[in-house]
Structure formats: structure tokens, C-alpha cells
Amino acid sequence: MENGINTPYQQSHNPISAIGVNVLVVDNDLGCLSIVAAILRAWKYQVVTIKNPLDELATLQLGHNFFHLIVTDVHMPEMNGFKFQKRVQVEFHLPIVSEDLHP
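None of these values were measured; they are calculated from a predicted model.

### Concerning the overall build of the protein chain
Line of reasoning, step 1. For the protein chain, the helix and strand inventory stands at three helices and four strands.
Line of reasoning, step 2. Ordered by position in the sequence, the α and β elements of the protein chain form the string β-α-β-α-β-α-β.
Line of reasoning, step 3. Residues counted as buried form 36% of the 103 residues belonging to the protein chain.
Line of reasoning, step 4. Sequence separation of 24 or more characterises 70% of the internal contacts of the protein chain that already satisfy a separation of 6 or more.
Line of reasoning, step 5. If you sum the accessible surface of the protein chain, you get close to 6,500 Å²; carbon and sulfur atoms cover 58% of it.

Written out as C-alpha cells, the structure is:
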């Protein structure tokens, strides 16, 4: 552990495995989308990325039983993250992590 942060190489200290956990990530910024997806993949999560929250809702409607977690940006042009979060919780009952990587 370096500076109090666990790295993927120190998973022997962490008995929880992310293998088989499917995460849907939505962010209209490709850079942020790539960063979040890379971090999750480094921890062995299975990641699907989408740029548009309306596409994500359609994806969830087709296969909501496939995903275990959603990570979404707060600021998106088509639908803000809070409105999206409320809709997902009502329709799909999935846990959501909201992020804002923009300064």
C-alpha cells in the first residue's frame, strides 16, 4: 500500500474479487470515459462504456439483469446525472456511483 491507496497488485490483502461484476459506465466525455473504464478494468471489473445516457437507458432495458453497477457522470447534455440516477433507481433498482471528473 502506497500513500494509503491499494493498487490492483495488492489484491492479496483484499479478499473481494471483482471478476464477474459487470459495470455500465456513461460519460459524454471520451477522456473521462476512458479513464474510469481503465481503472475499473485494472481491478478486473467487466466494463461496458456508453457516451449517451439515453443509449444507456435503452441498454438497461434490453439487459438490466446483466449489470451489477452503474457509474455515471453528473454533467451530461442529454440528461443530467441526477435525473438519470433517479430514473435508473425507479426502473431498474441498480446501485449507481455518480462522478464528476470535470474541474
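### A short note on helix α3 (residues 81-91)
Line of reasoning, step 1. The set of residues buried in α3 consists of G81, F84, Q85 and V88. When α3 is viewed along its axis, its buried side chains cluster within an angular range of 100 degrees and face the same direction. Opposite the buried face of α3, at more than 90 degrees from it, the exposed residues are F82, K83, K86 and V90.
Line of reasoning, step 2. The secondary structure elements touched by the buried residues of α3 are β1 (22-26), α2 (53-63), β3 (69-73) and β4 (96-99).
Line of reasoning, step 3. Once α3 ends, the next one or two residues include H93, with phi positive near 55 degrees.

### A look at the sheet that holds β3
Line of reasoning, step 1. Strand order in the open sheet formed by four strands is β2-β1-β3-β4, and the pairing between neighbours is parallel. Two strands in the sheet have a free side with no partner beyond their single neighbour: β2 (46-50) and β4. Ignoring strand direction, the axes of neighbouring strands in this sheet form an average angle of 20 degrees.
Line of reasoning, step 2. Sheet analysis places β1 next to β2, joined by five bridges and oriented parallel. When the bridges of β2 are listed, V25 appears paired with T49.
Line of reasoning, step 3. On the sheet, α2 packs against β1, β2 and β3 and is oriented at approximately 155 degrees with respect to β1.

### Topic: unusual backbone geometry
Line of reasoning, step 1. Backbone geometry places K44, a non-glycine residue, at a positive phi of 75 degrees.
Line of reasoning, step 2. Among the secondary structure elements, K44 is positioned in the loop between α1 (30-42) and β2.
Line of reasoning, step 3. Taking the relative accessible area as the measure of exposure, K44 reaches 45% and is therefore partly exposed.
Line of reasoning, step 4. One non-glycine residue, H93, adopts positive backbone phi at about 55 degrees.
Line of reasoning, step 5. On the basis of relative accessible area, H93 is assigned to the exposed category, the value being 64%.

### Considerations on the side chain of D73
Line of reasoning, step 1. Secondary-structure assignment places D73 in strand β3.
Line of reasoning, step 2. This buried residue, D73, is left without a salt bridge; K51 holds the nearest opposite charge, at 11 Å.
Line of reasoning, step 3. Reaching out from D73, the side chain makes a polar contact with the backbone nitrogen of H75 at a distance of 3.3 Å.

About the criteria used
Residues numbered from 1 in each chain as written. Predicted model: local features only at pLDDT ≥ 70, side-chain atom pairs only at ≥ 80, totals over all residues. Heavy atoms only, no water. Helix = DSSP H or I, 4+ residues; strand = E, 2+ residues; numbered from the N terminus. Buried < 20%, exposed > 50% of the residue type's maximum accessible area, 1.4 Å probe, protein only. Contact = heavy atoms within 4.5 Å. Areas by Shrake-Rupley, 256 points an atom, 1.4 Å probe, with all protein chains shown as cover. Arc of directions from axis to C-beta. Pairing = 2+ DSSP bridges. Axes fitted to C-alpha atoms, helices over the stretch in contact; angles between N-to-C directions. Lys, Arg positive; Asp, Glu negative; His and termini not counted. Salt bridge = Lys/Arg side-chain N within 4 Å of Asp/Glu carboxyl O. Polar contact = N/O pair within 3.5 Å; in protein donor to acceptor, adjacent residues only side chain to side chain.

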